[in-house]
Every structure is written in C-alpha cells, then in structure tokens.
Amino acid sequence: MKYSSLNYNSVATNFPTAVRSGLAPDRGLYFPEHIPQLDSQWLRNLAAHSIPDICFEAIHPFIGNHIPEEKLFQIVEETLSFDFPIAHLNNQIGALELFHGPTLAFKDVGARFMARCLGYFNSQKQEQLTVLVATSGDTGGAVADGFLGVQGIDVVILYPKGKVSNIQEKQLTTQGQNIRALEVEGVFDDCQDMVKTAFLDDQIKKVRPLTSANSINIARWLPQMFYYFIAVRALQERNEKLVFSVPSGNFGNICAGMMAQKMGLGIDHFIAANNRNDAVINYLNTGVYEPKKTIPTLSNAMDVGDPSNFIRIQKIVNNDLTLLKKILSGFSYSDAETKKAIEELYKNYQYIADPHGAVGYLGLKDYLNEKDTPHYGVFLETAHPVKFLDVVESTLSTEVPLPKSIQKLMTKEKLSQEIQNYEDLKSYLMQS
Ligand SMILES: *Cc1c(COP(=O)(O)O)cnc(C)c1O
C-alpha cells in the first residue's frame, strides 16, 4: 500500500515512512492510495473468527509486507489485550466501552499499535526518533503508556498547566525512562501551536528527527477501525441495521469507522456527536466548512475547532456532500444537556457515563427518534467516568470508586519541567 498526501504536493510513500514522518513533506495528511475490499462472505460471519484474527485481516492490507505477518499478528494481539464489552442499556441502545485499556480511554489502542510498529521498524534500522505530542489530556497518557521503554524512541509531551485532570496529569508525568513531560504556561492551543512550529523548524529537524502521535499519524488513526469490527462481530446475530454514534473531536475515530464501512463492514450509519465545537455539523447543514475558535466544554477531549481528520472524511466520499449525508448525521449539545444525559443514563439504566459518552448517547437518541424501522444503535463510551471525576460526581451527587490501578498511580511522583514559550521548547529539544 502507498500513501499519498491530501495536499497533493508530495510523492506517495510507504507505510514505514508515513509513520515515521507523521505528516507529508507538503504538510498534508497521508491517505491510502486505494481502500482495500474485504471478502463479503467472510464479513457476514465474523463471530466464526477471533478478534485478533479479524483485526489482523482488517489492518494487513494497509501495511503489506513492511511488517512480517507473524510479527503483525503479535502487534495486533498485544494492542488488544483487554476487553471491549457492549453494555446493553435497552433493546435499541448499547454502550461500546472503549476504556478498559491501561489509561482508561480509547486512545490506548492507537497509541499501543503505533508504538509497536515504530518499535519494530527501529529493531530493523536503529534511528533515534522523537515523538512530540500536545495533549488536552487523554492523548498524553496513552502515548506515555504505549511508548514506555520502546527502543530508539523518545517521547516529549506538552500539556497545559492546570488544565488537565489530576489523573490525567499523573498518567503523563510519572512514567520516567524515555518519557518526558513539559508543562506549558498556557492553554491546549498554545501547546498545539508550539508542536506545529517545531515540526516546521529545520534547525530542530537536523539534530532531532520528530514525528507526531496524534490521529494525523496513520499508525494511530487506522487501528481505530478495530472497534467497529469488534462491535459488529458482537452484534451481527441481531440482524438489525447498525448505527454508531461517535463522540468526536478531531474526527479520527469516526473516520476510521467510515474506512471500515468502505472496506465492506456492515454499518448502516454514523452519527458525529459533538459538544459546541461543531464545525463539521455546520458543514453537513450548509455545505460550507468554516474552522472555528475552540470553545471550552465539559467534554474537553472534543474541544477542537478545526478537526484535522475532516479532510480524510471528505476524501472517503470524494467530496460528495450528498453521499456524505447518506452515511453521516451530526448533532451538537451544550454542557447543560450533557449533564442531563449523565443523570438520565444513571436514573434509567444505572449506567455511569463520562461527559463524552453522554454526548454520544444524546446523538444516538436523537437519530433513533427520527427512524421508524428497527435499528440497533451503539454509542462509543470513549473514557472511563473516573477520568472526569469532578463532572460526574457533582452531576450525580454520588462517589465513583477509583479503580486499583488509579489508586496506585496517584501515589507516584510527578516529573515535569515548566516551559513558557517556543524558545524554551526549542532549546529543550536541541539540547537534551
Ligand atoms: C480524543 C477523545 C475523543 C475524540 O476523538 P477524535 O478521534 O479526536 O474524534 C472523544 N472522547 C475522548 C474521551 C477522547 O479522549
């Protein structure tokens, strides 16, 4: 498989190069040159196969012979070494729980897969590489955990001082070894801007090759298809139309689901569930895409004003808005509505949801209300409620017990260095 840039000003490249560079030289996102088609017979009876077998078949065509099959299977198996259960709330709605990984949010799968791919490439040809990443909370922890101890890789995480939850801060500052955390005087957008500037800085590039670990990187984006294969495998015998409601920020997760659908997986429809950061929903309604300034909300991992994967979604439908509307709907919700949904889920189903999952639930409910034919809908529960403890506990006036792994984490010592501006970051990257 070759990958070309969606800015169409770079030559196509292979999987290892696309992963190691993150973005194409023309600053465009990489996209596969064709979308592989899976055997329809095989897809109809997924329950006959194990989860690692299915996910291996799904990702293999994107990688080809750049990783030997046996090694790739091992990477898939290790990436998915925890559960992905569906909590059935009623006969129409289920919550696909993607928070059973080590850092309790769905980003673990992408980070673990990408770390293992880079680890393999480094075992073939040792070349020190730095993963530079800005986080609003969940990405940092997942990347710190996924890349811990990977040979030849240094990780530098930028996070906004005082703007991430306690648990999130511990997850990204306590690992040590090859993981470094920089605490930035500013907000998430400041961290993001510094990272982008560093990627364009030739002086840094000369002494320290950099790559990204956000969903712009194909090795973090594509394995997110696995969730959809796993869910369809579990729900296929219901013989109902399946819809997925995906709490969306950068739109990497939902866009991976749309890839899986394009490969032949039986999904009827997608719902992009947004907080008030709703640039893509506006596009669906008006046909005009306008990036917006980020609005802070309770579901802060979705506070993205200009989602980077929107361009990949457009590519999947060849810029055809009519086609896009057939497979994607979008709904946006306020913080007050999000809190009400957390209450409703607890009252009606004794289900404790985090703010992101709650937004997904609302999107699903509104979509299903418009339909008369039977559908089964899944909303993605993208984070464990303890990651957003303040919101959940204050909304429900109840205590949410901390899992054992988190209790242990909270006793570890924070290791981070404060930086004020880009010059600080640059001298850090040039010197250490
Ligand atoms: C990152 C994140 C999202 C948004 O996912 P995208 O792939 O950026 O759309 C949603 N919920 C949680 C908990 C997240 O951490």
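Right above here is the structure, for reference.
Residues numbered from 1 in each chain as written. Predicted model: local features only at pLDDT ≥ 70, side-chain atom pairs only at ≥ 80, totals over all residues. Heavy atoms only, no water.

Caption draft 1: Just the overall build of the chain, in detail. A tally of regular secondary structure across the chain gives 20 helices and 13 strands. In terms of C-alpha radius of gyration, the chain reaches 20 Å, essentially the compact-globule figure of 22 Å for 432 residues. Within the chain, buried positions represent 58% of all 432 residues. When contacts within the chain are restricted to residue pairs at least 6 apart in sequence, those whose partners lie at least 24 apart make up 76%. Looking at the chain, you have 40 positive and 48 negative side-chain charges, and the mean spots of the two groups are 2 Å apart. (Helix = DSSP H or I, 4+ residues; strand = E, 2+ residues; numbered from the N terminus. Rg over C-alpha atoms; globule rule 2.2 N^0.38 Å. Buried < 20%, exposed > 50% of the residue type's maximum accessible area, 1.4 Å probe, protein only. Contact = heavy atoms within 4.5 Å. Lys, Arg positive; Asp, Glu negative; His and termini not counted. Charge placed at Lys NZ, Arg CZ, Asp CG, Glu CD.)

Caption draft 2: Expanded view of the pattern of salt bridges. Under the criterion given, the structure shown has twelve salt bridges. Here K387 makes a salt bridge to D138, at a shortest N to O gap of 2.8 Å. Taken together, the positions of K387 in the loop between β12 (375-381) and α18 (389-396) and D138 in helix α6 (residues 138-147) put the pair 249 residues apart, joining distant regions of the chain. Grouping residues by exposure puts K387 and D138 together as buried. (Salt bridge = Lys/Arg side-chain N within 4 Å of Asp/Glu carboxyl O.)

Caption draft 3: Seen up close, the site of the ligand. Close to the ligand lie 15 residues, the nearest being K107, D138, G249, N250 and T382. Within the side chain of K107, an N or O atom sits 2.5 Å from an oxygen atom of the ligand. The contact in question runs from an oxygen atom of the ligand to an N or O atom on the backbone of N250, over 2.8 Å. The protein chains hide 97% of the 380 Å² of surface that the ligand would expose on its own. Counted by class, the shell around the ligand contains six nonpolar, seven polar and two charged residues. (Near = heavy atom within 4 Å. Polar contact = N/O pair within 3.5 Å; in protein donor to acceptor, adjacent residues only side chain to side chain. Areas by Shrake-Rupley, 256 points an atom, 1.4 Å probe, with all protein chains shown as cover. Nonpolar A, V, L, I, M, F, W, Y, C, P; charged D, E, K, R; others polar.)

Caption draft 4: Examining the nonpolar core more closely. Membership of the largest hydrophobic core comes to 99 residues, with the highest contact counts inside it found for F15, F147, Y228 and F244. Sequence-distant contacts of F244, that is, excluding residues within four places in its chain, are made with Y228, A231, V232, I267, H269, F270, I271, V378 and L380. Formed by 33 residues, the second largest nonpolar core is a distinct cluster that contains I271, Y333, F379 and I406. (Core = buried A, V, L, I, M, F, W, Y, C linked by side-chain atoms within 4.5 Å.)

Caption draft 5: Fine view of the state of the cysteines. Enumeration over the complete set of coordinates arrives at zero disulfides. Not engaged in a disulfide, the cysteine C55 finds its nearest cysteine sulfur in C117; these two sulfurs lie 14 Å apart. (Disulfide = S-S within 2.5 Å.)

Caption draft 6: A look at the pairing of strand β10 (residues 269-274). The element β10 is extensively covered by neighbouring structure, given that six of its six residues are classed as buried. Neither face of β10 is exposed, since H269, I271 and A273 on one face and F270, A272 and N274 on the opposite face are all buried. In this structure, strand β9 (residues 241-247) lies alongside β10, joined through five bridges in parallel fashion. Residue S245 lies in a different strand from β10, and its bridge partner there is I271. Each parallel crossover has a hand, and the one from β9 via helix α12 (residues 252-262) to β10 is right-handed. Pairing geometry for β10 and strand β11 (residues 328-332), over five bridges, is parallel. Among the inter-strand pairings, I271 is bridged to a residue of β11, identified as S329. (Pairing = 2+ DSSP bridges. Right-handed = clockwise from strand over helix to strand, strands pointing away.)

Caption draft 7: Highlighting the packing of aromatic side chains. This model, assessed by the stated rule, comprises 16 aromatic pairs. On the basis of an interplanar angle of 85° and a centroid distance of 6.1 Å, the ring pair of F113 and F226 is categorised as edge-to-face. On the criterion of sequence distance, the pair formed by F113 in helix α5 (residues 107-124) and F226 in helix α11 (residues 225-235) is long-range, its members being 113 residues apart. On the accessibility criterion, F113 (1% relative accessible area) is buried. Both rings, one in Y227 and one in Y228, keep their centres 6.4 Å apart while their planes meet at 55°; by these two values the pair is tilted. Take Y227 and Y228: they sit in the same class, and that class is buried. Through pairs of rings, three or more aromatic residues link up here, namely F82, F84, F106, Y227, Y228, F244 and F270. Taking the ring centre of W221 as reference, the NZ or CZ of R312 above it sits at 4.1 Å. (Phe/Tyr/Trp six-rings, centres within 6.5 Å; stacked < 30°, edge-to-face > 60°. Lys NZ or Arg CZ within 6 Å of the ring centre and 35° of its normal.)

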